[in-house]
Structure formats: structure tokens, C-alpha cells
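Spelled out, the chains give:
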Amino acid sequence: EVTYDAGVDEVYAVLADPEFRKKSCDAMGVVSADVKIDSAGGGMKVIVDQVQRTEGVPSFAKKFAGETTRAVQTEEWDGHTGATLVVTTPGKPSTITGRITLTADGGSTVQAFEGEAKVKVPLIGGKLEGLAADLFRDGRDKEHAVGVAWLAGDH
């Protein structure tokens, strides 16, 4: 969970801005990122297709991942308060799936994610799942920092 000092609709508007998504990717140090956002009904579909470096990844995982890895994050927002999220790594047997929620808390918004990482690799799959979850959380923390600055007018 992370908290923004803004209302749900304002946080949703930030998440719907392709420039915010690109700046978040920059903060994560991605090699490249392609961002597509389409409004649909009262929600939106967000696709962030990115290539990330695997610097700092333990050697057992680097053998599996390589020097860079591609991740495709898809968010299907059914309104301003919730989305399903799926992160796939094309060509690799790993996924992160779950649900993002935005909840009003006074004048603030709590953004929460609940989900799981799955890596279907014999023997080291569990270790890779833990690593994938840690990297995902780190990315979310960096996105949050960009979001806080964005809401304060830094964009």
C-alpha cells in the first residue's frame, strides 16, 4: 500500500497520463518503454511494454533472465477505483497477477496491490518468485515517488 495526498479521481487522472507512466519508467531505469492508454467506458486499459536491465539480480536469476528482460504490464481499470493487473515476461515462464485498488481515506487516496508472482521453473522457481515480487514492489515504490512529485506539480 502507498498513500497519495489527493483524491481518488485526481490519482486516477495521474495514472491515466501517458507522460506520468513514461516518467515512472525512467525512474525505474528501464532501457525502453512503450506506453498505451485507451479509455473504455468509465475505465481504461493501460499497457506498458518495457525492457529492463537485470543489474543487481543474483547470478542464479541472471542466468535465467539474461542481461535485460522484457515485461509487459497490462492494467484493466473497470472504473476509477480498481483494476486487474497482469505482468508477463514474453518468452519466460513468469507472471505477476493481482488487483490494484484506489480507496479514499479522508482527503488522501490509498493505492493497494494484492497479487502473486509465479515462475514455473523447476528447483529455483520459488526463489525467482520472491525476487520477482521484490523487484515489482521496488518498481511500485519508484512509481509512487514519481506520483507524489507529479501531484506536487513536478512534471
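Residues numbered from 1 in each chain as written. Predicted model: local features only at pLDDT ≥ 70, side-chain atom pairs only at ≥ 80, totals over all residues. Heavy atoms only, no water.

## A word on the sheet that holds strand β2 (residues 32-40)
- Pairing is antiparallel in the open sheet, where 7 strands are placed in the order β1-β7-β6-β5-β4-β3-β2. Strands at the two margins of the open sheet, each flanked by one partner only, are β1 (2-4) and β2. Adjacent strand axes in the sheet meet at a mean angle of 15 degrees, parallel and antiparallel pairs treated alike.
- Where strand β3 (residues 43-53) and strand β4 (residues 68-77) come together, 10 bridges link them in antiparallel fashion. From the neighbouring strand, V48 faces β4, where its bridge partner is Q73.
- Across the sheet, helix α2 (residues 18-27) lies against β2, β3 and β4, angled at about 150 degrees from β2, the strand it touches most.
- Helix α4 (residues 125-151) contacts β1, β4, β5 (82-88), β6 (94-105) and β7 (108-119) of the sheet and is inclined by roughly 160 degrees relative to β7. (Pairing = 2+ DSSP bridges. Helix = DSSP H or I, 4+ residues; strand = E, 2+ residues; numbered from the N terminus. Axes fitted to C-alpha atoms, helices over the stretch in contact; angles between N-to-C directions. Contact = heavy atoms within 4.5 Å.)

## Regarding the nonpolar core
- Formed by 28 residues in total, the largest nonpolar core has its most connected members in L15, W77 and L102.
- Those elements that provide at least two residues to this core are β1, α1 (8-15), α2, β3, β4, β5, β6 and α4.
- When neighbours within four sequence positions are excluded, L15 is seen to be in contact with F20, R21, I37, M44, W77, L102, Q111 and E143. (Core = buried A, V, L, I, M, F, W, Y, C linked by side-chain atoms within 4.5 Å. Buried < 20%, exposed > 50% of the residue type's maximum accessible area, 1.4 Å probe, protein only.)

## Topic: the side chain of R21
- Within the secondary structure, R21 sits in helix α2.
- Those residues within four positions of R21 in sequence are excluded, and the remaining contacts are L15, V35, I37, V46, Q73, E75, W77 and E143.

## Some points on the packing of aromatic side chains
- Inspection of every chain in the model, using the stated rule, returns 3 aromatic pairs.
- With a centroid separation of 5.7 Å and 75 degrees between ring planes, the pair formed by F20 and W150 is classed as edge-to-face. One end of the pair, F20, is in helix α2; the other, W150, is in helix α4, and 130 residues separate them in sequence.
- Ring centres of F113 and F136 lie 4.9 Å apart, and the angle between their planes is 55 degrees; on these two criteria the pair is classed as tilted. Of the two residues, F113 is situated in strand β7 and F136 in helix α4; the sequence distance between them amounts to 23 residues.
- Assessed through its relative accessible area of 27%, F113 is described here as partly exposed. (Phe/Tyr/Trp six-rings, centres within 6.5 Å; stacked < 30°, edge-to-face > 60°.)

## Points about the packing of α1 against α4
- Contact pair α1 / α4: the axes reach a minimum separation of 11 Å and the direction vectors enclose 115 degrees. On the basis of their axis angle, the class for α1 and α4 is roughly perpendicular. Remark: the crossing between α1 and α4 carries right-handed chirality. Along its contact with α1, which presents E10, V11, V14 and L15, the element α4 presents E143, W150 and L151. (Parallel < 35°, antiparallel > 145°, perpendicular 65-115°, else oblique. Left-handed = near helix turned anticlockwise from the far one by under 90°.)

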